[in-house]
Every structure is written in structure tokens, then in C-alpha cells.
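A look at the structure
So the chains spell out like this:
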Amino acid sequence: MKHSNDTFIYRELYNNLKEDILSFKYDSNEKLPSKREMAQNLNVSVNSVKTAYEQLLEEGYIYTQERKGYFIEPLEKLIVEPQVTNTVTTSTHQQEQQYRYSFSHMSTDITQFPVDTWTKLMKQVFKHYSHRLSAIPDLKGPIELRQAIAKLVSYKRGIQCNAQQIVIASGTNVLLKQIMDVMDDDSKIAVENPGYFRFRDILQKTKRTTLPINLDDKGISMSAIKSGKPDLVIVTPSHQFPMGTIMPVSRRIDLLNWLTKTNGYVIEDDYDSEFKYNTDNIPSLYSFDKSDRVIYLGTFSKTLMPGLRLSYMVLPTSLVTEFEHINNNVIPDFSMINALTLYLMIKDGHYERYIKKMSHFYAAKRAKLIEQLKETFQHLIKIHDTNAGLHFIVEVKTDYSYDDIEARAVSHEIELYTINRFTVEPVHDQSAFKTLIIGFSQLKIEVIPEAVNILRKVLID
Ligand SMILES: Cc1ncc(COP(=O)(O)O)c(C=O)c1O
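Along each chain, residue indices are assigned from 1 in the same order as the chain's sequence is written. Given that the model is predicted, a residue must reach a pLDDT of at least 70 before its local features are reported, and side-chain atom pairs must reach 80 or more before they are shown or counted; all residues, however, enter totals for whole chains, interfaces and linings. For side-chain calculations, the full set of non-hydrogen atoms in the structure is used, while hydrogens and water are omitted.

1. Considerations on the domain arrangement of the protein chain
Often the size quoted for an interface is simply the accessible area lost on bringing the parts together. Annotation comment: domain bounds sourced from an automatic or database domain assignment. The assigned domain composition of the protein chain is domain 1 (2-72), domain 2 (101-107 + 356-459) and domain 3 (115-352). Computed from C-alpha coordinates alone, the two centres of domain 1 and domain 2 are separated by 67 Å.

2. Details of the nonpolar core
Within this scheme, the nonpolar core is defined by two criteria: the residues are buried Ala, Val, Leu, Ile, Met, Phe, Trp, Tyr or Cys, and they are joined through side-chain atoms within 4.5 Å. Only protein chains enter the accessibility calculation, which uses a 1.4 Å probe; a residue is then buried when its area is under 20% of its type maximum, exposed when over 50%, and partly exposed in between. Counting residues in each nonpolar core, the largest one holds 85 residues, and the members touching the most others are Leu255, Phe300, Leu369 and Leu373. Here this core gets nine residues from one element, more than from any other, and that element is helix 13 (residues 350-377). Split by domain, the residues of this core number at least three in each of domain 2 (101-107 + 356-459) and domain 3 (115-352). Look past the residues within four positions of leucine 255 in its chain and what remains in contact with it is Met222, Ile225, Val233, Val235, Met247, Val266 and Leu285. In this structure, Leu139, Phe199, Leu319 and Phe323 belong to the second largest nonpolar core, which totals 25 residues. Numbering of helices and strands runs from the N terminus; a helix is a DSSP stretch of H or I covering at least four residues, while a strand is a stretch of E covering at least two. Only heavy atoms matter for contacts: two residues are in contact if any of them lie within 4.5 Å across the pair.

3. Some words on the side chain of glutamate 144
Mapped onto the secondary structure, glutamate 144 falls in helix 6 (residues 143-157). Relative accessible area serves as the criterion here: at 15%, glutamate 144 is assigned to the buried category. Sequence-distant contacts of glutamate 144, defined by excluding residues within four places in its chain, comprise Tyr129, Arg132, Leu340 and Tyr343.

4. Considering the pairing of strand 11 (residues 311-314)
Here strand 11 shows two buried faces, one formed by Ser311 and Met313 and the other by Tyr312 and Val314. By the bridge criterion, four bridges tie strand 4 (residues 166-169) to strand 11 in an arrangement that is antiparallel. Opposite isoleucine 168, over in strand 11, you have tyrosine 312 as the bridge partner. In short, DSSP must find at least two bridges between two strands for them to pair. In the sheet, strand 10 (residues 294-299) pairs with strand 11 via four bridges, with the strands oriented antiparallel. By the bridge assignment, leucine 297 is partnered in strand 11 with methionine 313.

5. Topic: the sheet that holds strand 15 (residues 417-418)
On the basis of which strands lie adjacent, the open sheet formed by four strands has the order 12-13-16-15 and antiparallel pairing. Lying at the two open borders of the sheet, with one neighbouring strand each, are strand 12 (381-384) and strand 15. Relative to strand 13 (residues 391-397), strand 12 runs antiparallel, the two being bridged by four bridges. By the bridge assignment, isoleucine 381 is partnered in strand 13 with valine 396. Whenever a helix is involved, its axis is fitted only over the stretch in contact; in every case the axis is a line through C-alpha atoms, and angles between N-to-C directions fall within 0 to 180 degrees. Contacts from helix 13 reach strand 12, strand 13 and strand 16 (433-439) within the one sheet, and its direction differs from that of strand 13 by about 0°.

6. With respect to the packing of aromatic side chains
Centre-to-centre distance and the angle between the planes together describe a pair of aromatic rings. Any two rings among Phe, Tyr and Trp, with Trp reduced to its six-membered ring, count as a pair given centres within 6.5 Å; such a pair is stacked if its planes are under 30 degrees apart, edge-to-face if over 60, and tilted if neither. Applying the stated criterion across every chain yields a total of 17 aromatic pairs. An angle of 85° between the planes, with centres 5.4 Å apart, marks the rings of phenylalanine 241 and tyrosine 271 as edge-to-face. With phenylalanine 241 in the loop between strand 8 (232-235) and helix 10 (249-262) and tyrosine 271 in the loop between strand 9 (265-269) and strand 10, this residue pair connects regions lying 30 residues apart in the sequence. Each member of the pair, phenylalanine 241 as well as tyrosine 271, is classed as buried. Each residue in the set Tyr196, Phe197, Phe199, Phe241, Tyr271 and Phe422 is aromatic and connected to the rest through ring pairs, giving one cluster. Should the NZ of a Lys or the CZ of an Arg lie within 6 Å of a ring centre and within 35 degrees of the ring normal, that charge is described as sitting over the ring. The side chain of arginine 293 reaches across the aromatic face of tyrosine 265, ending 4.6 Å from its centre. A cation sits over an aromatic face here: lysine 434 above tyrosine 402, 5.8 Å from the ring centre.

7. Concerning the pairing of strand 5 (residues 188-193)
Of all six residues in strand 5, five are buried; the element is thus mostly enclosed. Here strand 5 runs beside strand 6 (residues 209-216); their pairing, made up of six bridges, is parallel. Pairing of glutamate 192 across the sheet is with isoleucine 213, part of strand 6. When the strands point away from the viewer and the connection leading from the first strand across the helix to the second strand turns clockwise, the crossover is called right-handed. For the crossover that starts at strand 5, traverses helix 8 (residues 197-205) and ends in the parallel strand 6, the hand is right-handed.

8. Observations concerning the site of the ligand
One heavy atom suffices: a residue is near a molecule or strand as soon as one of its heavy atoms comes within 4 Å of it. Taken together, the residues surrounding the ligand are Gly171, Thr172, Asn173, Tyr196, Phe241, Asp269, Tyr271, Thr299, Ser301, Lys302, Arg309 and Ser311. Here a polar contact is recorded for every N or O atom pair within 3.5 Å, except that within protein the pair must consist of a potential hydrogen donor and a potential acceptor, and residues adjacent in sequence are included only if both atoms are side-chain atoms. Between the ligand and the protein, one listed contact pairs an oxygen atom with a backbone N or O atom of threonine 172 at 2.8 Å. Between the ligand and arginine 309, the relevant distance is 2.9 Å, taken from an oxygen atom to a side-chain nitrogen or oxygen of the residue.

9. A look at the packing of helix 7 (residues 172-182) against helix 11 (residues 317-326)
In contact at an axis separation of 9 Å, helix 7 and helix 11 are set at 100° when each is read in the N-to-C sense. With respect to helix 11, the element helix 7 is oriented roughly perpendicular. Contacts from Gln178, Asp181 and Val182 in helix 7 reach Leu319, Glu322, Phe323 and Ile326 in helix 11. Three classes are used: nonpolar for Ala, Val, Leu, Ile, Met, Phe, Trp, Tyr, Cys and Pro, charged for Asp, Glu, Lys and Arg, and polar for all others, with Gly counted as polar. When grouped by side-chain class, the residues that make up the contact of helix 7 with helix 11 number four nonpolar, one polar and two charged. Angles below 35 degrees are treated as roughly parallel, those above 145 as roughly antiparallel, those between 65 and 115 as roughly perpendicular, and all remaining angles as oblique.

10. Focus on helix 11
Residues Leu319, Val320 and Phe323 constitute the buried set of helix 11. An end-on view of helix 11 places all buried positions within 120° of arc, on one side of the element. Within helix 11, the exposed residues directed more than 90 degrees away from the buried face are Thr321 and His325. The inward-facing, buried residues of helix 11 abut strand 4, helix 7, strand 9, strand 10 and strand 11. Note that the arc is defined by the directions from the helix axis to the C-beta atoms.

11. A look at the pattern of salt bridges
Only one rule defines a salt bridge in this text: a Lys or Arg side-chain nitrogen within 4 Å of an Asp or Glu carboxyl oxygen. The final tally for this structure, using the stated rule, is 14 salt bridges. The partner of aspartate 216 in a salt bridge is arginine 251, and the shortest N-O contact between them spans 3.0 Å. Residue aspartate 216 is located in strand 6, and its partner arginine 251 is located in helix 10; the two are separated by 35 residues in the primary sequence. Looking at arginine 251, the relative accessible area reads 8%, which means it is buried.

12. Structural notes on the sheet that holds strand 4
With respect to topology, eight strands assemble into an open sheet ordered 4-11-10-9-8-5-6-7, the strand pairing being mixed. Among the strands making up the open sheet, the edge pair consists of strand 4 and strand 7 (219-220). In this structure, strand 9 lies alongside strand 10, joined through four bridges in parallel fashion. If you follow valine 266 over to strand 10, its bridge partner there is valine 294.

What follows is the structure, encoded as C-alpha cells:
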């Protein structure tokens, strides 16, 4: 009791003295009463005064002179900017919006995630890898995980690479920034339009010249690439984001041949290739490449969850030394605990089993959603249901504009994205059909009829 009382008195004394010093009630270099005098004046213990003086001394409000006592440190008045309000206004998109149903393409369903297995494996990491957790992680990620990924991409994506080419990071956005570090400052970068706007945003922030390239029925337009002459092209060949086109082999060969002739590079963003329905996996662009031109990006955000923040890239061999050199002093940003837990999950076969399970799960949701959309919208909908990934494209006949649709979706508490989010210029489309990106991972199968009914209210009623 005595202790807490002393602590309270010391705190109060310290705060009062600090305020008095900051409001210049004391002169610079003025001598403070001795500890004993102060204790007597205030009727408190010498110990409380001593602790308060020592704290003020530690923070630089007062100084001591041997045998003379404590003095006030000369301080300048802190400038107070009258315009500063100290209140933060959050933009609406950062506020947590509550939705009844989500047609988002960004999320995954984690209701089936093997939480117990993950927790058990994480405990094993603490037990067997404590020396790794207590040290700064390897720049490119734990070698065990990189070796496991090298094996995984070999048999899943036909990618023959060495673990030294693999880099782990906390997201493909981070990886793109790292790639920009090894590219020349004046390099021109071609991106798909419509495409992944987060990449466009990063490129603009790194002050790169970005060439938005329109799509044709085979994916990114080669004639536009040939006339734009970019140094680097970013594509999503296995499932164009967001339109869903699968780049046929003819376009892949055209693109790789052009890059080989011009010494350019291509980033293959393979964000959701693990999920294919009724057909086999589409081979990666990297697996066609014989000239060391492809930088492959993979992520665990779709197969596991975006909240994990673990993604990777496979660098062409020609860029590995440059990457290591540039990042010599960098501490990587991924979570080592998660990276090692993921390694155990892959090694013990849990990862493969989970993907298999989720593929069936997503296939069922997707089939139900397509059936429901056809039934509810009839001739008012065209569904472009490429057998891949966690979203597909629909065109819906509606009198509403894209802005109307977005606003109406919010008011009906539906998370819904239109093509407008992904094009460089907003689409002011007068045509009767509007293009929407329909994600299905978050929808529970039993709510699909109701969610689609609300979607109809948003778009038609
Ligand atoms: C087109 C595209 N690329 C990449 C990613 C993966 O991003 P990250 O690995 O940073 O979560 C996503 C995520 O949803 C995506 O939509």
C-alpha cells in the first residue's frame, strides 16, 4: 500500500514540476529546493521527491551540479502551429464497412482452414527453430521454405528453378517494389488494361513510365506492346486479372520471342492458378521460357488467406546477384514464424490436402452461384465463367450507370466491384450491359439464392 502511495505521490510531483518547467514558471538555471526542503514543504517522503527529481533529470528537464543541487535546464519554448488540429479524418474506403454478402474477388474462405494443425506446427517452430526466430531472417526467406516452394512450383507449374532464385516477401506489392529496384530508373513498364490497379499505383509511385495495354481475346495485345516498346511487361497469363482470359500458347510464344529479341523482362503474376475447375492446370509462362526472361510471382493469399501476408517470386538467374547486391543491408519484412510454419505445412502435406479440399469447396460454390445467376437474371446476364480462380466476369443488362451500381451496392450492404475499379480511365459506358467482377469465395453456399436476389435489386429493380 505504502509503495503504491509513494508511486502516486512521485508521479504527481513529477507531473506538476514538469508542467511548471514547460510553462516557464521557473527561470532557466534556477535552483530547485533540495530534496529534503521540498519533502518538508510538501509533507511527502524524501524518497518520492528523489524519484521525481531523478526522472526529470533523466528526461533532461533539470540538471545537477555536484554538491550544489538541482537546476532548471534552459529550454526554448516549443512552437505550437495554430493550424494543427490533431484530429485524423479517415477516408471512407479505410473505414470498416459491414456487408451482408460479399462478391469480392479479394477474399478467401477460411472457415475450413486447419487452425489446429497450423497452431500445432507453429508450436513446433518455437520448439525446433528458436535459434532462427531470435536472429534476423535471411534476406530471401528461410531456405527450407524456398526449397519447398521450388519443389511445389516444379510439379505444379513446370518451373525448374533453384531455391537461390526464390525470394519470400510479405506480399506481391513488396516484391514488385523489389523488382523495380533492380530495373533501370528509366525503364518503361507495360501493364494490362483492365488490370491489377495496385501494381499500377506502385509503378506510379516509383515514377516509372507505365504503358497501359489493352486486351484482345488472347490477353495483352502484342501489336500495342511492339509499338510501345516496354522494357518490362506485367501479365496474368493463367487467368487474366480481372477479365479471366487464359493466354493461349500462340500469344505466350509471341510475347517471349519479342522479349528475347529486345532483352526485356516479363512479370508473370500467377495469383490464383491453383484453382482450376474441370480442366487441368494451365502451364506457367515461366515453363515456356528458354531465355531467362520471366520473373514469376506466386502468393499464398489465395490458397490460404490474404491475412497471412506471404508471397514469393522466382527470379531469372540473371537477376539474382543484382538482387542480393542491392538488398545487402535490408532486413526482410515477412514474418519468420509464419514462414517456417508454412514450410512445415507444405512439408507434411497439409498444404496440398487443404488446396484439394478448397478446390472442391470453391467448385461447388461457383457452380451454385452460376446456376443461381442464370435462373435469377435469365436473358439479362452473360456469364464469362473461365474454369479458373476465385472470380468470374458477368455482363448484366441494366439501366444503371457504373457509379449508380457501386452506390446501390453499398446501400444494399453488398460488396460488389465493377470493371471501373480496374481500368486506367473510368468507363463511361452507355451500353446496356455493365461488366461486374463476381467473386464467390466468401459466399456461404446456402445464402447464394438470397445474395443473388439482393444483387438483382441492386442492378435491376
Ligand atoms: C491480380 C493479383 N495479383 C496478386 C495478388 C496477390 O497479392 P498479395 O500476394 O500481395 O496478397 C492478388 C491478390 O488478391 C491479385 O488480385
